[in-house]
Amino acid sequence: MTLIEYLDHFQSVVAAAPVPDPGSGEAPPGVIGDKVLTILKWIANLAIAACVGGVLYTAGKMALAHRRGDDTNVSQLGWVFAACLLIGSASAVVSALI
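Counting from 1, residues in each chain are numbered in the order their sequence is written. Reporting of local features is limited, given that this is a predicted model, to residues whose pLDDT is at least 70; pairs of side-chain atoms are given and counted only at 80 or more, and all residues count toward the totals for whole chains, interfaces and linings. Side-chain numbers come from the whole structure's heavy atoms, not from hydrogens or water.

**Points about the overall build of the protein chain**
Phase 1: Helix and strand labels come from DSSP, where a helix needs a run of H or I of at least four residues and a strand needs a run of E of at least two; each type is numbered from the N terminus. Summing up its helical and strand segments, the protein chain has four helices and zero strands in all.
Phase 2: When the elements of the protein chain are put in sequence order from the N terminus, they spell out α-α-α-α.
Phase 3: Expressed as a percentage of the 98 residues in the protein chain, the buried residues total 8%.
Phase 4: By element, 69% of the accessible surface of the protein chain is carried by carbon and sulfur atoms, the whole surface being about 8,200 Å². A 1.4 Å probe rolled over the protein chains alone gives each residue an accessible area, and that area as a share of the maximum for its type sets the label: buried under 20%, exposed over 50%, partly exposed in between. For the area figures, the Shrake-Rupley method with a 1.4 Å probe applies, and any residue is considered shielded solely by the protein chains shown.

**Thoughts on a nonpolar patch on the surface**
Phase 1: Side chains of V36, I39, L40 and I43 sit close together on the surface and give an oily, nonpolar patch of about 350 Å² of accessible area.
Phase 2: Relative to the elements of secondary structure, I43 occurs in helix α2 (residues 33–68). Each patch is assembled from residues with relative accessible area greater than 30% and no salt bridge, linking like charges that lie within 9 Å and nonpolar side chains (Val, Leu, Ile, Met, Phe, Trp, Tyr) that lie within 5 Å. Here a salt bridge means any side-chain nitrogen of Lys or Arg lying within 4 Å of a carboxyl oxygen belonging to Asp or Glu.

**A few points about the side chain of T58**
Phase 1: For T58, the location among the structural elements is in helix α2.
Phase 2: We define a polar contact as two N or O atoms separated by no more than 3.5 Å, with the added condition that, inside protein, one atom must be a possible hydrogen donor and the other a possible acceptor, whereas residues neighbouring each other in sequence contribute only through side-chain atom pairs. Reaching out from T58, the side chain makes a polar contact with the backbone oxygen of G54 at a distance of 2.8 Å.
Phase 3: Any two residues whose heavy atoms approach within 4.5 Å at even a single point are treated as in contact. Residue contacts for T58: discarding those within four places in its chain leaves Q76, L77 and V80.

In structure tokens form, the structure reads like this:
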């Protein structure tokens, strides 16, 4: 199996995975479900913005290091990508653990 075939297969498996709805349960007394869902959406959007900022910051550091002739720290970019994957799959990870 080539890398492209593997990535296509992985993409189809991820696309077919069910995404849990955090607002489908019964809210505890005194908590309004829509407000909790709104907070979760805000946190998700802020986390995505942090991922984009992390990629841009790391890319900028790599560009400056390359211009100066220094070694580039590609491992930092790997950690940023790992964080992006974890944030993007947070709902699936939590539902698998529950």
